[in-house]
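Residue-level structural notes
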Amino acid sequence: MDNSLLTITDRRTGKNYTLPVDHGTIRATELRQIKEDAEDFGLMSYDPAFVNTASCQSGITYIDGDRGILRYRGYPIEELAEKCRFLEVSYLLLNGELPDEKQLENWIEEVKHHTMLHETSKKFLEGFRYDAHPMGMFVSTVAALSTVYPDAKNVLDPANRRHQIVRLIGKVPTIAAYTYRHSRGFPYVYPDNDLNYAANLMNMLWKMVEPKYVANPVLARALSVLFILHADHEQNCSTNAMRSVASSQADPYLSVAAAAAALSGPLHGGANEQVLLMLDFIGKKENVPGYIEQVKAGKMKLMGFGHRVYKNYDPRARIIKWTADQVFQVTGRSPKLDIALELERIALEDDYFIKRKLYPNVDFYSGIIYQAMGFKPDMFTVLFAIPRTVGWLAHWDEMMRDPEQKIARPRQVYTGQPLRHLPEAKPTLNVAVLV
Ligand code: CMC
């Protein structure tokens, strides 16, 4: 028996079709040969929200959702989080291999070279209201860089793409920090290239009058680990947005802005902020059973729980719990942790969650850590966007090199009105009326 072929019998016509199976998939276009008659357009697959459709081949990130496995370029996320620096992992995601010492040193220098923002970006930020959400400011400011770097439009040139990739990775922490400083009414702090990626972000966020900001090394390392965990997650909503928008050959600043906009939603990266709001709403441990009952009654969602792909414990959530312990040794234990642990304990024993395979995801504990470190909840999703920019750009470059990729353009199943006409009595408009 040939296990690389699939035979389909069309009971409408009695015809048999043999389709090749590759990597557990059939080509959707192969279905088009299955027709009722010569006039028929051919069969399509219908898959709202891409629940069972692969849109690309990718060599960047591997997830086995049933077994709770996440790997970047083949390396387990646990090993990368324990032993690597964030920019080292970024290099791996973008280039396919870990850098050697010299390559890492050069790469860090290259990124540092791009940390400054054009001064007009500050003026642009000034235009936002004092209480503008940092994520809205982040999306808009990244998009505005498209006007500062018109050369980025040359997306078919690999060297140019690489230049924009380094620029973006260098600049997103600065943009993120400036959105925070704007919302607090503090003066902007320029990057300090003596510091590593995470510590420099902390410097741009929190430096006040001291001549040199010194980041707590435990907190800077914790932020680095969180960045590694958030750097990529294959074809999630925002990466799909990145690929979709960039498939029209839009420049990378506009495409990353589109991806960040997708990330902002509460079902995606916006969930970390929602978790904190939920914990505030619950208020104390004793209120947890009542909240769980409301979730089961369909009145609320347990934010930070559930995942399209993971039907097991999200491996990132496990590392985040460990990171939380390190952070709390410096900051003191957050009282919210007790509510979160109780939510998790009850949910993991409850039939509603067990049956639906709902486990804590990456966003369940990250917000508690961020808050303990001094971040305000409205910054949480921006903190997610900084490292995910690397993933978006890795997918962008991979897509641009893939000869099979074209402009993204899904089909639809039309369910609207059949052909109909305007009443004959309706007069034809003449030019004068139009004016
Ligand atoms: N709380 C309560 N019930 C839930 C939850 C939840 N958080 N998530 C899913 N369910 C239920 C859902 O109501 C459905 O029940 P039923 O079969 O009775 O209709 C069932 O579980 C399957 O859910 P689904 O909505 O079909 O699952 P999905 O794959 O479309 O959605 C999800 C995945 C992440 C959007 C969803 O689980 C969710 O809304 N979670 C809360 C938001 C969240 O934490 N998002 C962050 C995701 S991880 C970070 C990232 O990658 O962005």
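None of the values given here were measured: they were computed from a predicted structure.

Counted under the stated rule, the structure contains 16 aromatic pairs. Members of the aromatic cluster, joined through ring pairs, are Phe305, Tyr352, Phe353, Phe364 and Tyr365. Positioned over the ring face of tyrosine 352 is arginine 356, at 3.8 Å from the centre of the ring.

Along its 15 residues, helix α5 (residues 134-148) runs 21 Å from first to last C-alpha, staying within 8% of the 21 Å computed at 1.5 Å per residue. Among the residues of α5, Pro134, Met135, Met137, Phe138, Val139, Thr141, Val142, Ala144, Leu145 and Ser146 are the ones counted as buried. Along its buried surface, α5 packs onto α4 (119-126), α6 (158-184), α10 (252-263) and α17 (380-401).

In this section: the sheet that holds strand β4 (residues 69-72). On the basis of which strands lie adjacent, the open sheet formed by three strands has the order β3-β4-β5 and antiparallel pairing. Edge positions in the sheet fall to β3 (61-64) and β5 (75-76), since each has one partner strand and no second.

Now for the packing of α6 against α10. The description of two packed helices rests on the angle between their axes and on the distance between the axes. α10 packs onto α6 with a crossing angle of 45° between their chain directions and a minimal axis gap of 11 Å. When the axes of α6 and α10 are compared, the pair comes out oblique. The handedness of the crossing between α6 and α10 is right-handed. Listed contacts from α10 to Gln164, Arg167 and Leu168 of α6 are Pro252, Tyr253 and Val256.

Right, let's talk about the site of the ligand for a bit. In the neighbourhood of the ligand, 20 residues make up the surrounding shell, with His268, Lys301, Leu302, Gly304 and Arg308 lying closest. One of the side-chain N or O atoms of arginine 308 is found 2.7 Å from an oxygen atom in the ligand. Tyrosine 352 places a side-chain nitrogen or oxygen 3.2 Å from a nitrogen atom of the ligand. Of the residues belonging to the shell around the ligand, the class tally is ten nonpolar, six polar and four charged.

Among the nonpolar cores identified, the biggest contains 122 residues, and Tyr72, Ile169, Met278, Leu302 and Leu343 are the most heavily contacted of them. Take this core: its biggest share by element is 13 residues, from α17. Dropping the residues within four chain positions of it, leucine 343 is found in contact with Met278, Leu279, Ile282, Val288, Tyr291, Ile292, Leu302 and Phe364.

The next subject is the pattern of salt bridges. Tallied over the full model, the rule gives 24 salt bridges. In this structure, the salt-bridge partner of lysine 336 is aspartate 280, at a minimum N-O distance of 3.3 Å. Taken together, the residues lysine 336 in helix α14 (residues 335-349) and aspartate 280 in helix α11 (residues 271-282) connect sequence positions 56 residues apart. Accessibility expressed as a relative area gives 15% for lysine 336, which makes it buried.

The rules behind the values
- Residues numbered from 1 in each chain as written.
- Predicted model: local features only at pLDDT ≥ 70, side-chain atom pairs only at ≥ 80, totals over all residues.
- Heavy atoms only, no water.
- Phe/Tyr/Trp six-rings, centres within 6.5 Å; stacked < 30°, edge-to-face > 60°.
- Lys NZ or Arg CZ within 6 Å of the ring centre and 35° of its normal.
- Helix = DSSP H or I, 4+ residues; strand = E, 2+ residues; numbered from the N terminus.
- Expected span 1.5 Å × (residues − 1).
- Buried < 20%, exposed > 50% of the residue type's maximum accessible area, 1.4 Å probe, protein only.
- Contact = heavy atoms within 4.5 Å.
- Pairing = 2+ DSSP bridges.
- Axes fitted to C-alpha atoms, helices over the stretch in contact; angles between N-to-C directions.
- Parallel < 35°, antiparallel > 145°, perpendicular 65-115°, else oblique.
- Left-handed = near helix turned anticlockwise from the far one by under 90°.
- Near = heavy atom within 4 Å.
- Polar contact = N/O pair within 3.5 Å; in protein donor to acceptor, adjacent residues only side chain to side chain.
- Nonpolar A, V, L, I, M, F, W, Y, C, P; charged D, E, K, R; others polar.
- Core = buried A, V, L, I, M, F, W, Y, C linked by side-chain atoms within 4.5 Å.
- Salt bridge = Lys/Arg side-chain N within 4 Å of Asp/Glu carboxyl O.

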